[in-house]
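In case you want the letters, here they are:
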Amino acid sequence: MDLGLIVYAMNLAAIYALMAVGISILWSSVGVINMAHGATFAVSGYAAWVFTGAMKPVIAGAFGTSAMATLALAGALVASALIAGALCGLVIYLLAFLPIHDKPNFQVRALIITLGLNIATVQTLLWYFGPRNQGLPKIFGFGRWEVLGTRIRYDQAGTIIGATLIMALTLAWLRYSRKGLEVRAMMQNAEGAAYSGISRQATALPVLMLTGALAGMAAALLSQTIFVSPTSGTIPLVKGLTIALLGGLGSVSGALIAALLVGFLEAIIGAVPFLGQRYVLFGTFIFIIAVLVIRPRGIGGLLDDTRE
């Protein structure tokens, strides 16, 4: 397989993993399918665009055009996207979890509320910013590396490395922190965790803020390749949901494997001359349906294994 194709596939998989892992963690620990995940993506992108636009003159005045200026701009972009995503998670907690978490049919109610939040947010962004696409600063530059005769763009390498670091930090938090252990207990057996004194209400807030921050990071990284728009979160939301289902809701490792599979599948289909980009979505969903027909629990199947 061509090295350029592998890098492109890894670039896609990195973005999809950030969305899918967040959706999977949220569902398995809190019981919420967050249909406002796409809105979080778009809001984070616009927050990064507004903040970096305001900080550009300040950074230029302090550092000029040096490498330190680029680093400071990159930090401002990533930090603003992460904070905006986390704040969106807080809003979702206050509107779609806290008032209804102890009500009948909580999951269905939360699904409807988050879907409404998604629609309202997209319309608000359209009203305030308009439909025009906005470009964020290219924090990784415009150059290319020559590796084994293949040119690798800086933004592709930066996206892969950045997403890998964020996912590693997330997994380390889940594995070693006290709150992370509580979240894992909720993911494996919510009733058993409740009997052990772990409150779903107390766990939901950090989980929603974490998954929102992951969506924000995805927006910051994907904006290096595409533009930000009010509807830019739609495709990442759909891909994140389907990949989370493919991996098995509740399985972080399954979501990561599914993101890699879908990333490579899309790259291969797009490279086939008689298929191309027109058939990428079609081929991807055919693959996902086939896997779920054969293995309904998904690749990981953590929840089903636990309940059995």
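No experiment lies behind these values; they were computed from the predicted model shown.

Visitor: Requested: an account of the overall build of the protein, with residues and values cited.
Guide: Helix and strand content of the protein: 12 helices and 2 strands. Relative to the globule expectation of 19 Å for 308 residues, the C-alpha radius of gyration of the protein, 20 Å, shows essentially globular dimensions. Oriented by its inertia axes, the alpha-carbon framework of the protein measures out at about 55 × 45 × 40 Å. A buried classification covers 48% of the 308 residues belonging to the protein. Across the protein, the fraction of contacts at a sequence separation of at least 24, relative to all contacts at a separation of at least 6, is 77%. Computed over 18 positive and 10 negative side-chain charges, the inter-centroid distance for the protein is 8 Å.

Visitor: For the nonpolar core, give the residues involved together with the corresponding values.
Guide: Of all hydrophobic cores here, the largest spans 55 residues; its most connected members are L18, I25, V30, V32, F97 and I243. At 13 residues, helix α1 (residues 3-30) tops the list of elements feeding residues into this core. Among residues more than four places away in sequence, those in contact with V32 are L26, W27, F97, F106 and A110. Formed by 11 residues, the second largest nonpolar core is a distinct cluster that contains A48, L77, L136 and A220.

Visitor: Would you mind going over the packing of aromatic side chains in detail, with residue names and values included?
Guide: Applying the stated rule across the entire model yields 7 aromatic pairs. Centroid distance Y93 to F97: 5.5 Å. Interplanar angle 20°. Geometry classified as stacked. Of this pair, Y93 and F97 both sit in helix α3 (residues 67-97), 4 residues apart, which is roughly one turn of that helix. No difference in accessibility class separates Y93 from F97, as the two residues are buried.

Visitor: Lay out the packing of helix α6 (residues 178-188) against helix α8 (residues 200-222) with the relevant residues and their values.
Guide: Two elements in contact, α6 and α8, have axes whose closest approach is 10 Å; the angle formed by their N-to-C orientations is 110°. Taken together, the axes of α6 and α8 are roughly perpendicular relative to one another. In terms of crossing hand, the pair formed by α6 and α8 is left-handed. Taken together, the residues of α8 that come into contact with α6 (itself represented by K179, E182, V183 and M186) are R200, A202, T203, P206 and V207. Its residues assigned to classes, the contact of α6 with α8 shows 5 nonpolar, 1 polar and 3 charged.

Visitor: Please provide a residue-by-residue account of empty space enclosed by the protein, values included.
Guide: Counted by the stated rule, this structure contains 1 cavity of 30 Å³ or more. For the largest cavity, the calculated volume is near 30 Å³. Lining the largest cavity are F41, G45, A219, S223, F227, V228 and S232. In the lining of the largest cavity, the residues fall into 4 nonpolar, 3 polar and no charged.

About the thresholds
- In this convention, every chain numbers its residues from 1, walking through the sequence in written order.
- Local features in a predicted model are, by the rule used here, given only for residues with pLDDT of at least 70; side-chain atom pairs are given and counted only at 80 or more, and totals for whole chains, interfaces and linings are based on all residues.
- In computing side-chain properties, one takes all heavy atoms of the structure into account and sets aside hydrogens as well as water.
- Each helix is a run of DSSP H or I of at least 4 residues and each strand a run of E of at least 2, with the numbering of both proceeding from the N terminus.
- Here the radius of gyration uses the C-alpha set of atoms, whereas the globule reference equals 2.2 Å times the residue count to the power 0.38.
- Between buried and exposed lies partly exposed: a residue is buried under 20% and exposed over 50% of the maximum accessible area for its type, with that area taken using a 1.4 Å probe on protein chains only.
- Contact definition: two residues touch when any of their heavy atoms are within 4.5 Å.
- Working convention for charge: Lys and Arg count positive, Asp and Glu count negative, and His plus the chain ends are omitted.
- Taken as the charge centre is NZ of Lys, CZ of Arg, CG of Asp or CD of Glu, depending on the residue.
- By nonpolar core is meant a set of buried Ala, Val, Leu, Ile, Met, Phe, Trp, Tyr and Cys residues that side-chain atoms within 4.5 Å join together.
- Working definition: rings of Phe, Tyr and Trp (its six-membered ring) pair if their centres are within 6.5 Å, and the pair is stacked with planes under 30 degrees apart, edge-to-face with planes over 60 apart, and tilted otherwise.
- The axes are straight lines fitted to the C-alpha atoms, using for helices just the contacting stretch, and the angles between their N-to-C directions are given from 0 to 180°.
- Orientation categories follow fixed angle ranges, with anything under 35 degrees roughly parallel, anything over 145 roughly antiparallel, 65 to 115 roughly perpendicular, and all other angles oblique.
- For a crossing to be left-handed, the near helix must be turned anticlockwise from the far one by less than a right angle; the clockwise case is right-handed.
- The classification used treats Ala, Val, Leu, Ile, Met, Phe, Trp, Tyr, Cys and Pro as nonpolar, Asp, Glu, Lys and Arg as charged, and all other residues, Gly among them, as polar.
- Here a cavity means grid points, on a 1 Å grid over the protein atoms only, where a 1.4 Å probe fits yet cannot get out; a pocket means an open set of points with protein on both sides within 12 Å along at least five of seven lines; lining residues are those with an atom within 4 Å of a point.
- Grid points are joined across faces, edges and corners, and a volume is the space filled by probe spheres set on the points.

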